[in-house]
Amino acid sequence: LKIELNKLDKTPQFKKLTWAISCILFFGALRVHEILSREALSYDPNFTLLKENLKLKIVDVEGKDMQILQILLKSPKENRVGNKVVIDIYENGSCCCPVKAFNNWMSTLPPTQRGKPAFVLQNGQAYTGSLLNKTLKKCFEKHVPKELGFVSSHSFRSGVASMMGNLGWSDEDI
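Residues numbered from 1 in each chain as written. Predicted model: local features only at pLDDT ≥ 70, side-chain atom pairs only at ≥ 80, totals over all residues. Heavy atoms only, no water.

K.L.:
What should I look at first to understand the overall build of the chain in this one?
P.N.:
Within the chain one finds 6 helices and 3 strands. Ordered by position in the sequence, the α and β elements of the chain form the string α-α-α-β-β-β-α-α-α. Here the chain, with 174 residues, has 37% of them falling under the buried criterion. Taking the contacts inside the chain whose residues are at least 6 apart along the sequence as the reference set, 58% of them involve residues at least 24 apart. For the chain, the exposed surface amounts to about 10400 Å²; the carbon and sulfur share of it is 52%. (Helix = DSSP H or I, 4+ residues; strand = E, 2+ residues; numbered from the N terminus. Buried < 20%, exposed > 50% of the residue type's maximum accessible area, 1.4 Å probe, protein only. Contact = heavy atoms within 4.5 Å. Areas by Shrake-Rupley, 256 points an atom, 1.4 Å probe, with all protein chains shown as cover.)

Below you can see the structure in the form of structure tokens.
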């Protein structure tokens, strides 16, 4: 994905934002609309992830400092009664590290403001799930034959479960 993103005729900020969102979705096993707005020009602050719902923290893991991205989910699908859930996504040192990808995007000085969606484009509009899916489709169209379907943001969430199953995790743990 990262290679294909770099081939797109888009700004470096857009490419870094898309990569950060993709890594966060995958490693957080998140649903796309748990972190992205449904609409580019309007949003519901009770459901949309806002800038202040994201925090970078340093935590001690077995005597070693690690950076985590902490995400406050306001309306996770598993818990529709309105209880909020905090998700910790750890740095992993890989080429797909979600914390590194987030920091790289933040280094582009994105136009984020308190009370606004966490992930916004340079024009200030919210980055939507629909835009992510269109971008993924464009990136993977020459790699996935149409008759086999397409890659979407849902593929990240199901990909984590498949990967864990292949590594021997039980269905209960997944």
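K.L.:
Please clarify how the sheet that holds strand β3 (residues 85-90) should be interpreted in this entry.
P.N.:
Strand order across the open sheet formed by 3 strands is β1-β2-β3, with antiparallel pairing between neighbours. Each having just a single partner strand, β1 (54-61) and β3 make up the two edges of the open sheet. Pairwise comparison of adjacent strand axes, ignoring direction, gives a mean angle of 35° for this sheet. As paired elements, strand β2 (residues 64-73) and β3 share 6 bridges and run antiparallel to each other. Looking at the pairing, L72 lines up with V86 of β3. Across the sheet, helix α4 (residues 98-106) is in contact with β1, β2 and β3; its angle to β2 comes to roughly 75°. (Pairing = 2+ DSSP bridges. Axes fitted to C-alpha atoms, helices over the stretch in contact; angles between N-to-C directions.)

K.L.:
Could you clarify how one ought to interpret the nonpolar core in this entry?
P.N.:
Nonpolar side chains in soluble globular proteins tend to be buried together. By size, the foremost hydrophobic cluster in this structure holds 34 residues, and its most contacted members are I21, I24, I35, I71, F119 and Y127. Put simply, the parts of the chain that give this core at least two residues each are α2 (12-28), α3 (32-35), β2, α4 and α5 (129-140). Apart from residues no more than four positions distant in its own chain, I21 is found in contact with I35, L36, F119, Y127 and L132. (Core = buried A, V, L, I, M, F, W, Y, C linked by side-chain atoms within 4.5 Å.)

K.L.:
Just checking my understanding: could you explain the packing of α2 against α5 for this structure?
P.N.:
Geometry of a packed helix pair, given as the angle between the helix axes and the separation of the axes. Contact geometry of α2 with α5 gives a least axis separation of 11 Å together with a crossing angle of 100°. Accordingly, the angle class assigned to the pair α2 and α5 is roughly perpendicular. For the pair α2 and α5, the contacting residues are F14, T18, I21, S22 and L25 in the first and L131, L132, T135 and L136 in the second. Its residues assigned to classes, the contact of α2 with α5 comprises 6 nonpolar, 3 polar and no charged. (Parallel < 35°, antiparallel > 145°, perpendicular 65-115°, else oblique. Nonpolar A, V, L, I, M, F, W, Y, C, P; charged D, E, K, R; others polar.)

K.L.:
Hey, could you run me through empty space enclosed by the protein in this one?
P.N.:
One simple way to see leftover space: roll a probe sized like a water molecule over the atoms. A complete count under the given rule lists 1 cavity of 30 Å³ or more for this structure. Estimated volume of the largest cavity: approximately 40 Å³. In this structure, the largest cavity is lined by K2, W19, S94, C95, C96, C97, K100, A101 and N104. Considering each element in turn, the lining of the largest cavity owes the most residues, 3 residues, to α4. Partitioned by chemical class, the residues of the lining of the largest cavity number 5 nonpolar, 2 polar and 2 charged. (1 Å grid on protein atoms, 1.4 Å probe; cavity = no way out; pocket = protein on both sides within 12 Å on 5 of 7 lines; lining within 4 Å. Points joined across faces, edges and corners; volume = space filled by probe spheres on them.)

K.L.:
Hey, could you run me through the packing of aromatic side chains in this one?
P.N.:
For any pair of aromatic rings, the description rests on two quantities: the centre-to-centre distance and the angle between the ring planes. All told, the structure shown has 4 aromatic pairs when counted by the stated rule. Ring centres of W105 and F119 lie 5.5 Å apart, and the angle between their planes is 40°; this geometry places the pair in the tilted category. Note that W105 is positioned in helix α4 and F119 in the loop between α4 and α5, a separation of 14 residues in sequence. Looking at W105, the relative accessible area reads 0%, which means it is buried. Taken together, the ring pairs in this structure connect F102, W105 and F119 into an aromatic cluster. Positioned above the aromatic ring of F14, the side-chain terminus of K10 is 5.2 Å from the ring centre. (Phe/Tyr/Trp six-rings, centres within 6.5 Å; stacked < 30°, edge-to-face > 60°. Lys NZ or Arg CZ within 6 Å of the ring centre and 35° of its normal.)

K.L.:
So what exactly am I meant to see when it comes to the pairing of β2 here?
P.N.:
Consecutive residues of a regular strand have side chains that alternate between opposite faces of the sheet. Pairing of β1 with β2 involves 8 bridges; the strand directions are antiparallel. Considered in β2, the bridge of V59 is made with M66. Hairpin geometry of β1 and β2 is characterised by an intervening segment of 2 residues between the two adjacent antiparallel strands and by a positive phi of about 50° at E62.

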